[in-house]
Amino acid sequence: MTGSKLPVKPEVMTKAFVSGCAGPFLTQDEIAFFRDADPWGLILFARNIESPEQVKQLTSSFRQAVARADAPVLVDQEGGRVQRLKPPHWHKYPAPKLFGDLFDKNPEIGLRAAWLGSRLIAGDLFEVGVTIDCLPCLDVRFPDTVDAIGDRSLSANPETVATLGRAMIDGARAGGVLPVIKHIPGHGRARVDSHLELPRVEAGLLELKSVDFRPFKALSSVSLGMTAHIVYEGIDPETAGTQSKKVVQDIIRKEIGFDGCLMSDDISMKALGGDFVERSRKIVEAGCDIVLHCNGDMDEMIAVAEAVPHLAGKAERRCAKALSELKAPAPGFDEKAAWDEFCTLTGWQGA
């Protein structure tokens with residue numbers, strides 16, 4: 001987060017989307033776009049990340065452009081295959097499945113490892129101005145779970161997923177970063193990659209309630225969540241969950257009880273059809289608070305900005321509540337000792 005004093009914009013000017021950007025530094029066109037469109041936040045990917053000083057400059061530049069010192073900057077930093085900040089500047093972290101495997105052998109060690117891993121990641125992010133980490137993945141793993149989820153899932157046991165998910169949530173918050181529970185109401189049964197095509201889940205509502213929904217229901221008080229681009233045939237056989245009123249309003253809001261800020265998964269994924277105006281409008285109409293657009297394509301960014309509303313009402317209150325929970329890490333955390341303990345507990349030999 002920047003320490004500079006920025007002019008305060010009326011909240012109503014902020015638009016209900018999170019945007020990506022093309023490279024490691026904002027172009028003049030991107031600065032002008034962010035100034036005028038005023039997206040709620042920015043999300044970073046590997047293409048945006050070179051070094052700690054560069055990321056600090058990028059996050060500061062975005063906040064200067066939107067004139068909001070608390071404008072959130074997001075990243076997917078889970079460990080394993082989903083890690084945007086990488087060696088040599090940052091540690092390499094294991095995939096979350098490791099915590100579940102440890103928990104099965106020794107719950108105390110599994111819980112401590114999950115908390116430490118998330119706390120260490122949060123420390124990396126906090127130092128460069130990233131304030132939201134899109135973790136934990138609360139999707140329950142099944143024998144035929146698609147590799148796009150795979151070892152990102154903590155466990156095949158929904159109770160274990162919820163328990164370890166809570167530890168990761170607490171670790172992120174202790175490190176000054178807000179977590180995002182995903183992919184609500186559950187991505188584990190998907191057999192195809194939603195980055196490439198639209199998955200369809202055949203399980204009925206009772207099956208989903210008994211397994212898939214349980215970790216999300218247990219952790220429904222978390223202030224940020226992300227949807228799944230999946231058709232749940234037992235709920236709404238016609239529409240992807242992200243764009244389905246039945247999924248968002250009847251399942252996520254009512255059955256699961258999640259009343260936090262709900263953002264879509266990335267709308268540039270191929271699971272969703274239609275142009276970006278249509279995609280965005282359907283997501284908002286379904287009841288999502290924030291549209292997430294990640295790839296940094298300016299034409300698509302402009303279309304999303306035109307389609308989404310200004311933040312207002314419940315959506316604005318949910319976003320504000322989430323940001324109000326940001327707290328700086330407590331002093332005294334020994335990063336080196338924590339990393340040594342993490343490696344000892346897990347047997348991890350990452351960089």
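Residues numbered from 1 in each chain as written. Predicted model: local features only at pLDDT ≥ 70, side-chain atom pairs only at ≥ 80, totals over all residues. Heavy atoms only, no water.

Asks: Just to check I follow, could you spell out the overall build of the protein for this structure?
Replies: Assigned secondary structure in the protein consists of twelve helices and 13 strands. For 351 residues, the compact-globule formula gives about 20 Å, and the C-alpha radius of gyration of the protein, at 19 Å, lands near that figure. Along the first, second and third principal axes, the C-alpha atoms of the protein reach 55 × 50 × 30 Å. Looking at the protein as a whole, 58% of its 351 residues are labelled buried. Long-range contacts, defined here as pairs at least 24 residues apart, represent 76% of the contacts in the protein between residues at least 6 apart. On the protein, the mean spot of the 41 positive side-chain charges and the mean spot of the 49 negative ones are 3 Å from each other. (Helix = DSSP H or I, 4+ residues; strand = E, 2+ residues; numbered from the N terminus. Rg over C-alpha atoms; globule rule 2.2 N^0.38 Å. Buried < 20%, exposed > 50% of the residue type's maximum accessible area, 1.4 Å probe, protein only. Contact = heavy atoms within 4.5 Å. Lys, Arg positive; Asp, Glu negative; His and termini not counted. Charge placed at Lys NZ, Arg CZ, Asp CG, Glu CD.)

Asks: Explanation requested: the packing of helix α3 (residues 97-105) against helix α4 (residues 107-127) in the structure shown.
Replies: Between two packed helices, both the angle of their axes relative to each other and the distance between the axes serve to describe the pair. Running from N to C, α3 and α4 point in directions that differ by 155°, and their axes come no closer than 5 Å. Accordingly, the angle class assigned to the pair α3 and α4 is roughly antiparallel. Contact residues: α3 offers Phe99, Leu102, Phe103 and Lys105, while α4 offers Pro107, Ile109, Gly110, Leu111, Ala113 and Ala114. Of the residues assigned to the contact of α3 with α4, the class counts are eight nonpolar, one polar and one charged. (Axes fitted to C-alpha atoms, helices over the stretch in contact; angles between N-to-C directions. Parallel < 35°, antiparallel > 145°, perpendicular 65-115°, else oblique. Nonpolar A, V, L, I, M, F, W, Y, C, P; charged D, E, K, R; others polar.)

Asks: When you look at the nonpolar core in this model, what are you seeing that I'm missing?
Replies: Looking at soluble globular proteins, one finds that nonpolar side chains tend to be buried together. Grouped together as the largest cluster of nonpolar side chains are 86 residues, with contacts concentrated most on Phe34 and Leu44. Ranked by the residues each element gives to this core, the list is headed by α4, at seven residues. Those residues in contact with phenylalanine 34 that sit more than four places away from it in its chain are Ser19, Gly20, Cys21, Leu26, Pro39, Leu42, Phe62, Ala65, Val66 and Met301. Core analysis: the second largest hydrophobic core is formed by 22 residues, Val18, Ile43, Leu224 and Ala315 among them. (Core = buried A, V, L, I, M, F, W, Y, C linked by side-chain atoms within 4.5 Å.)

Asks: I would appreciate a short explanation of the packing of aromatic side chains in the present structure.
Replies: Any two aromatic rings considered together are summarised by their centre-to-centre distance and by the angle between their planes. This model, assessed by the stated rule, comprises seven aromatic pairs. When the centroid spacing of 6.3 Å and the interplanar angle of 65° are considered together, the rings of phenylalanine 17 and phenylalanine 33 count as edge-to-face. With phenylalanine 17 in strand β1 (residues 15-19) and phenylalanine 33 in helix α1 (residues 28-37), this residue pair connects regions lying 16 residues apart in the sequence. Classification of phenylalanine 33 as buried rests on a relative accessible area of 10%. Here the aromatic residues Phe17, Phe33, Phe34 and Phe62 are joined through ring pairs into a cluster of three or more. The positively charged end of arginine 119 is found above the aromatic ring belonging to phenylalanine 333, 3.7 Å away from the centroid. If you follow arginine 279 out to its NZ or CZ, it ends over the ring of phenylalanine 276, 4.5 Å from the centre. (Phe/Tyr/Trp six-rings, centres within 6.5 Å; stacked < 30°, edge-to-face > 60°. Lys NZ or Arg CZ within 6 Å of the ring centre and 35° of its normal.)

Asks: Teacher, can you tell me more about unusual backbone geometry here?
Replies: For residues that are not glycine, phi is negative in most cases, and the peptide bond is trans in most cases. Between leucine 135 and proline 136 the backbone carries a cis peptide bond, its omega angle lying at 10°. Here proline 136 shows up in the loop between β6 (132-133) and α5 (158-174). For the bond from isoleucine 184 to proline 185, the omega torsion is 5°, close enough to zero to count as cis. Relative to the helices and strands, proline 185 resides in the loop between β8 (181-184) and β9 (200-201).

Asks: Please clarify how the packing of α1 against helix α10 (residues 298-307) should be interpreted in this entry.
Replies: For the pair α1 and α10, interaxial distance at closest approach is 11 Å and the crossing angle is 5°. Compared by their axis directions, α1 and α10 come out roughly parallel. Mapping the contact onto sequence places Asp29, Glu30, Phe33, Phe34 and Ala37 in α1 and Met298, Met301, Ile302 and Ala305 in α10. For the contact of α1 with α10, the residue count by class is seven nonpolar, no polar and two charged.

Asks: I keep staring at the sheet that holds strand β10 (residues 224-227) and nothing clicks. Help me out?
Replies: Paired through their backbone hydrogen bonds, the strands of a sheet run either parallel or antiparallel. Strand order in the open sheet formed by three strands is β8-β10-β12, and the pairing between neighbours is parallel. Only two strands of the sheet have a single partner each, and these edge strands are β8 and β12 (261-263). Averaged over all neighbouring strand pairs, the angle between strand axes comes to 30°, with direction disregarded. The pairing of β10 with β12 spans three bridges and is parallel. Within β12, the residue paired with methionine 226 across the bridge is methionine 263. (Pairing = 2+ DSSP bridges.)

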